[in-house]
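Descriptive structure summary
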Amino acid sequence: MTRRLLVLLTFLLGACLSVAQPVTIRYACTAGGDNLKQLNRLVKQFESEFPNIRVKVEPIVDNYENKLLSMLAARVSPDVAVLNPNRFPMFASRDALKPLDDFADLGGPEVDLKGRYPNIVKAFQYDGKQYAVPRDVACSAYIYYNKRLFREAGIPYPDGSWTWDTKVRPELREKDFMWVVSQLTLRKPNIRKPYQYGLATAWPQLWMETLLTSSNVRMWDNDERPTKLFLDDPKVVDVFQFASDCLNKFRWMPSSTDITLGSGSTMQDEFRKGTVAMLQSGAWEVKDMRAKMKDDWDIAQFPTFARGEAPYLPGEGAGLGIFASTEHPQEAWEWVKWYCGPKGLIPMAQSGESQPSIRALALEPGIWLPKTDATGAARMPENLRITDEMAMRVRTRQLPDWFTNGVASDLQGSYYAVLSGEKTAEEVLKKLQEEEPAKLELALSRVEAPDYPFGIGVAVAVLLVAALLGWIYAPEYGRKLSREEKTESRSAYLFLIPWLIGLAFTAGPMIYSFLLSFAESDIIQTPKWRGIGNYADALNPRIDDTLYVSLRQTFYFAGLSVPLGMIAALLLSLLLNQKVKGVPLFRALYYLPSLASAVAMSLIWMRLFDKDQGVINLFLYGADGQSGFLHLGPVLSNMLGTPGEPINWLGSTKTVIPAFVIMGLWGAGGGTIIFLAGLQAISVSYYEAATLDGANNWRRFRYVTLPMLTPYIFFSLITGVIGALQVFGQSFVITQGGPDRATNFMVVWLYQKAFGELKMGYASALAWILFVVILAFTLLQLAAAKKWVYYEGDLK
Amino acid sequence: MKRTDAEHFRRSTRFAKLAHRSNYTLLWIVLLVGAVLFMLPLYVMIALSLKPEAEIGTTSMWSWPKSPTLVHYVTVLTDPDLNFIRKFFNTLFLSTVPTIASVVTAAMVAYPFARLRFRGRDRLFLILLSTMMLPGVVTLIPSYVLFAKLGWINTYKPFVIPAFFGGGAFAIFLLRQFMMGIPREMDEAAKIDGASNGVIFWRFILPNCVPVLATLAVFGFVGGFKDLMGPLMMLNDPDLMNLEVGLRSLQQAHRTEFGLMMAGSMIVLIPIFLIFFACQRYFIRGITLTGGK
């Protein structure tokens, strides 16, 4: 019996050992939903082919790069991740990625780099090394066109011979892209706003980017190490101004409201509706268009620039890279090769999701191109073959970090001001050309900083904590306590225990960020010592005046939104505290907008504030755009200096903050329930006494309700100011800091520094500057509170 | 202790008498107009969530759907990758457990700040407030690293454990304000009778704080229910994620389909709305002992 068992055991053990333990690869990707279904199927297929490898998919739904960065900082990064050609250098340049040249078969037939679109292969090289195998290529300059509208205008379908210039050339007729755009823009007599636009782009900046890339204007001397800028070169100004004129002067493209809103979906909808004749976007629209449009559409090449040399186009794509920290490089490599190989690419191409980076697959009918015998929507777009040529023209730029985050980012920031029509291209570019060279020089002259003195850092942290403790306890040190006071103090600290322990969770990261504010830190590599350099740079308007602009706008927002929000909440709470039938339902209804998803609400608010169709302007200007309620609209337009134009709420620097404040009022429900709770604490006896004294409603409010509510008003004031000075969400979702930095609030800006530019040290310094500002306000309020806040159970 | 229901009854009848009929109607109209204004964005949300895909791009956003459809709701509820039921219970856990823990411990911490004398109180209070003043953007990564070092990534620990340690400055501050408004006669008397601070807190202060505890519970619940960043950063496993993250990924798969997005938002909104509706009697009918003399 025992022997049998022993034999069985040995047998089992042997069986276990002979099958190697499978290795698990963590794969981070941006996929969700449908893509995920497909991905999971592919993973199963891969695992059956490679039984000793398991792939654990970790889809990152949002904030993809931030999460990767956090994982890197905490040393828990995945083995393989999807990378973007414009953003991967931030990982590659910091040695976070494994150069794929380490694998002997990188140049082999399985990876087949030579068979892939050369531009996208090159885009994933950094410093001469390959860091990712491209999966798909995505040119973002296809022109989707509505065939019906072409027929109606009597314009032949495009045949690929379009050229464009910064003016219309009517003599070329349908060979000139801009002539076609102008012909497809249709107006009713005497109404400037077209009912049909010639062209739209999937998102606003794309238009500027496409024109700049395809005209190939020189804005600096070279990409590797730019030292000279030619931003106000007449050719550059010409292209910038033309980009704006198409929107604002000729109105061939939907207006600047749509430009500042940055919401992609509208344009696709407008195109499908037929109010936009052509849509510029990437190949990723194909799947949607097939599903939602019938077969009366097609795609065309973006025109080449008439005066141009090399006809480049903007675009990107995706590839798979391996993190340097992986413990299973070989297994990770197998997955990369397999997934970026035909078995992974074909299903993705067949679903119309993305154009495979392997050229042969992109050209074979039935994979990316429709089957030759396809019918109906499935055979659309008929011209899909042109994507091959377009993919060859894609150019991604690889600029040094300090340039991307400096000059290039300021340049991009200026797109808004130009595209919204608020400023002319010349004004904007002249100013940039004046200011940027100094910044460029500074960036170039910046010497390698010394390593961060960690010993000193720890010492400073200890000193800081000691100083705080001293500040807390020194004033009362040595004061004799009575026995009663001692027991009271002791029991107080017993109650405080949870908070004191929990302080470690908040204070630890706070102290860390304080120490980091003296560093140059990109999160990934060990920080360098900058001393007070970050603070000095931020406070010096010659280097960067953003701090002052940003603080001004933040104060403007807080100054409007805090008092208005509090008054609204107070009035609502008084209203909702009444004994009226159905008041519980009303309370819930008033609170509802504060409960709804912020992103969904933002998207709705964008439409409510829309210049042309929004309900706010409908109310102000009426349906005819002239009269409206009490002629309020025209009066406001005159006040803003744009008579005759409806207010472009979210697109103008003057009105965007008031618009945000108005949106914020719909969230007053949160403050209301705080006041409601406070109202419950007011004893009825006070009202009774007041009534006996003959006080009327107003006096009862003024002398009973209001004083008794002061603790909550004080609370709302303190937390309201803290919250408003840290305002982030609306700007982040709706305006991304624009127009022209008007909503570039402090936290929006430091978020951009931290995660957009990987300057965690600088961002920390900004955060601590904001901290000091908020602290100062809070101290002022605490001092003033002694005069006006009444506590019934106060100790004194 | 004096019962308060009688008082409430007195109060309500008095108010009813005071409110003249015309005033009453006026009040009701004001409430109604306000409600319509406040529901404006919600109306758009509901209308969009019920519109079939064909109507979304082609009709005015103000129009009520010509042929209302529940297809977006069905998509959300039945998507196998979203796994609604599982995500719903995850969300429920993430919104209730930390809320309960933080409301209770916040009350504990607020009590000495409001009603006891101890060394360094006012300056410790400023420290408490200052923890709200640093933008979370710069503490995000240090916190993540801290939790990773503790081995808490991809678990619910970063949501649950810190909640037991004070529940955050906002909650403590609000509770402190409320507690400072409670008259001292009652606990003074109890103290003379030899009651400890623990007893006073538990028997007198906490029951008085019910309205504000309910308010904070609602805030906490709503915050937990709609939390996107927390689960997004701290969790990796799709099976552990909450509804908000799941809905976001569904939206991305369908590339900003408005109807789907709005339906998802509505689905999240409904349980929150119900909780609020159920809780609100506690905001209003706290066991008010105040002024009882």
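Here is what the cut-offs are and how they apply
Residues numbered from 1 in each chain as written. Chains lettered and ligands numbered in written order. Predicted model: local features only at pLDDT ≥ 70, side-chain atom pairs only at ≥ 80, totals over all residues. Helix = DSSP H or I, 4+ residues; strand = E, 2+ residues; numbered from the N terminus. Buried ≥ 20, exposed ≤ 12 C-beta atoms within 10 Å, placed from the backbone. Contact = placed C-beta atoms within 7 Å. Pairing = 2+ DSSP bridges. Axes fitted to C-alpha atoms, helices over the stretch in contact; angles between N-to-C directions. pLDDT = per-residue confidence, 0-100. Nonpolar A, V, L, I, M, F, W, Y, C, P; charged D, E, K, R; others polar. Parallel < 35°, antiparallel > 145°, perpendicular 65-115°, else oblique. Left-handed = near helix turned anticlockwise from the far one by under 90°. Expected span 1.5 Å × (residues − 1). Bend = angle between axes of the 7 residues up to and from the residue.

Examining the overall build of chain A
Of regular secondary structure, chain A possesses 33 helices and 16 strands. In terms of its C-alpha atoms, chain A occupies a principal-axis envelope of roughly 100 × 90 × 65 Å. For chain A, with 796 residues in total, the buried portion stands at 46%.

Side note on the overall build of chain B
Along its length, chain B carries 15 helices and zero strands. Here chain B, with 293 residues, has 49% of them falling under the buried criterion. A separation threshold of at least 6 residues defines the contact pool for chain B, and within that pool the share at least 24 residues apart is 77%.

Considering the sheet that holds strand β11 (residues 297-300) of chain A
Residue and element names in this part refer to chain A. Reading across from one edge, β9-β10-β7-β11 is the order of the four strands in this open sheet, with mixed pairing throughout. With partners counted over all chains shown, the strands left at the sheet margins are β9 (197-201) and β11, one partner each. Pairs of neighbouring strands in the sheet enclose a mean axial angle of 25°, with direction left out of account. Relative to strand β10 (residues 276-281), strand β7 (residues 142-146) runs antiparallel, the two sharing four bridges. By the bridge assignment for β10, Y144 is matched with L279. Those strands touched by helix α7 (residues 177-184) are β9 and β10, and its axis lies near 115° from that of β9.

Notes on the confidence of the model for chain B
Any region with low pLDDT has predicted coordinates that should not be read closely. All names here are of chain B. With 86% of its residues at a pLDDT of 70 or more, chain B has an overall mean of 83. This stretch, residues 286-293, has a pLDDT under 50; its non-local contacts, to residues over four places away or in other chains, come to 23 contacts. Reported for the predicted complex are a pTM of 0.85 and an ipTM of 0.87.

Some remarks on the sheet that holds strand β2 (residues 53-59) of chain A
All names here are of chain A. Here we have six strands laid out as an open sheet, ordered β2-β1-β3-β13-β6-β14, and mixed in their pairing. The open sheet has two edge strands, β2 and β14 (355-356), and neither has a second partner. As paired elements, strand β1 (residues 23-29) and strand β3 (residues 80-83) share two bridges and run parallel to each other. Each bridged residue has a counterpart across the sheet, and for A28 the counterpart in β3 is A81. Along the sheet face, helix α13 (residues 329-339) touches β1, β2, β3, β6 (133-139) and β13 (315-322) and points at about 150° away from the line of β13.

Describing the interface of chain B and chain A
Frequently, the measure chosen for interface size is the accessible area that the parts lose on association. Between chain B and chain A, the residue contacts involve 106 residues of the former and 104 residues of the latter. Its residues placed into classes, the side of chain B that touches chain A shows 68 nonpolar, 26 polar and twelve charged.

Considering the packing of helix α22 (residues 546-576) of chain A against helix α27 (residues 656-665) of chain A
Residues and elements named next belong to chain A. Put simply, α22 and α27 touch, their axes get as near as 9 Å, and they point 30° apart. Classed by the angle they form, the pair α22 and α27 counts as roughly parallel. When the axes of α22 and α27 are compared, the crossing they make is right-handed. Seen from α22, the contacting residues are Q553, Y556, F557, L560, S561, L564, G565 and A568; seen from α27, they are I657, P658, F660, V661, G664 and L665. The residue inventory of the contact of α22 with α27, partitioned by class, reads ten nonpolar, four polar and no charged.

Some points on unusual backbone geometry
Residue and element names in this part refer to chain A. Omega for the bond connecting M380 with P381 falls within 30 degrees of zero, at -10°, which places this linkage in the cis form. Take P381: it is sitting in the loop between α15 (359-363) and α16 (386-393). Although it is not a glycine, N216 adopts a positive phi angle of roughly 55°. Here L758, not a glycine, exhibits a phi torsion of approximately 55°, which is positive. Within the element layout of this structure, L758 appears in the loop between α32 (746-756) and α33 (760-788).

Details of the packing of helix α30 (residues 697-725) of chain A against helix α9 (residues 169-180) of chain B
The angle between the axes and the distance between the axes are what describe a pair of packed helices. One can describe the packing of α30 of chain A onto α9 of chain B by two numbers: an axis separation of 9 Å at closest approach and a directional angle of 160°. Taken together, the axes of α30 of chain A and α9 of chain B lie roughly antiparallel to each other. α30 of chain A and α9 of chain B meet at a crossing whose hand is right-handed. Of the residues in α9 of chain B, those touching α30 of chain A at P711, Y712, F714, F715 and T719 of chain A are F170, F173, L174, Q177 and M180 of chain B. Taken together, the residues of the contact of α30 of chain A with α9 of chain B break down into eight nonpolar, two polar and no charged.

Some points on the pairing of β9 of chain A
Residues and elements named next belong to chain A. Extensive coverage of β9 is indicated by the burial of five of its five residues. Pairing of β9 with β10 involves four bridges; the strand directions are parallel. Bridging from a neighbouring strand, T201 pairs with Q280 of β10.

With respect to the environment of V138 of chain B
Tracing the backbone shows V138 of chain B in the loop between α6 (121-130) and α7 (140-149). Residue class for V138 of chain B comes out buried when judged on the 30 C-beta atoms lying within 10 Å of it. For V138 of chain B, the residues in contact, after removing those within four places along its chain, are S513, A754, A763, S764 and A767 of chain A.

Points about helix α17 (residues 401-419) of chain A
Residues and elements named next belong to chain A. The end-to-end C-alpha separation of α17 is 26 Å, in line with the 27 Å expected for 19 residues at 1.5 Å each. At S409, α17 shows its strongest bend, of approximately 40°. Of the positions making up α17, those classed as buried are F403, G406, V407, L411, S414, Y415, Y416, A417, V418 and L419. Within two residues after α17, G421 carries a phi angle of roughly 80°, on the positive side.

Here's the deal with the environment of L68 of chain A
Residues and elements named next belong to chain A. If you trace the backbone, L68 turns up in helix α3 (residues 64-73). Overall, the presence of 23 C-beta atoms within 10 Å leaves L68 in the buried class. Separated by 13 residues in the primary sequence, L68 and A81 place their C-alpha atoms 8.8 Å from one another. Not counting chain neighbours up to four residues away, the residues in contact with L68 comprise A28, S77 and A81.

Some details on the pairing of β13 of chain A
All names here are of chain A. Extensive coverage of β13 is indicated by the burial of seven of its eight residues. Across four bridges, the pairing between β3 and β13 is antiparallel. Note on β13: the bridge partner recorded for V80 is I322. Bridging between β6 and β13 involves six bridges; their strand directions are antiparallel. Bridge pairing in β13 links V137 to G317.

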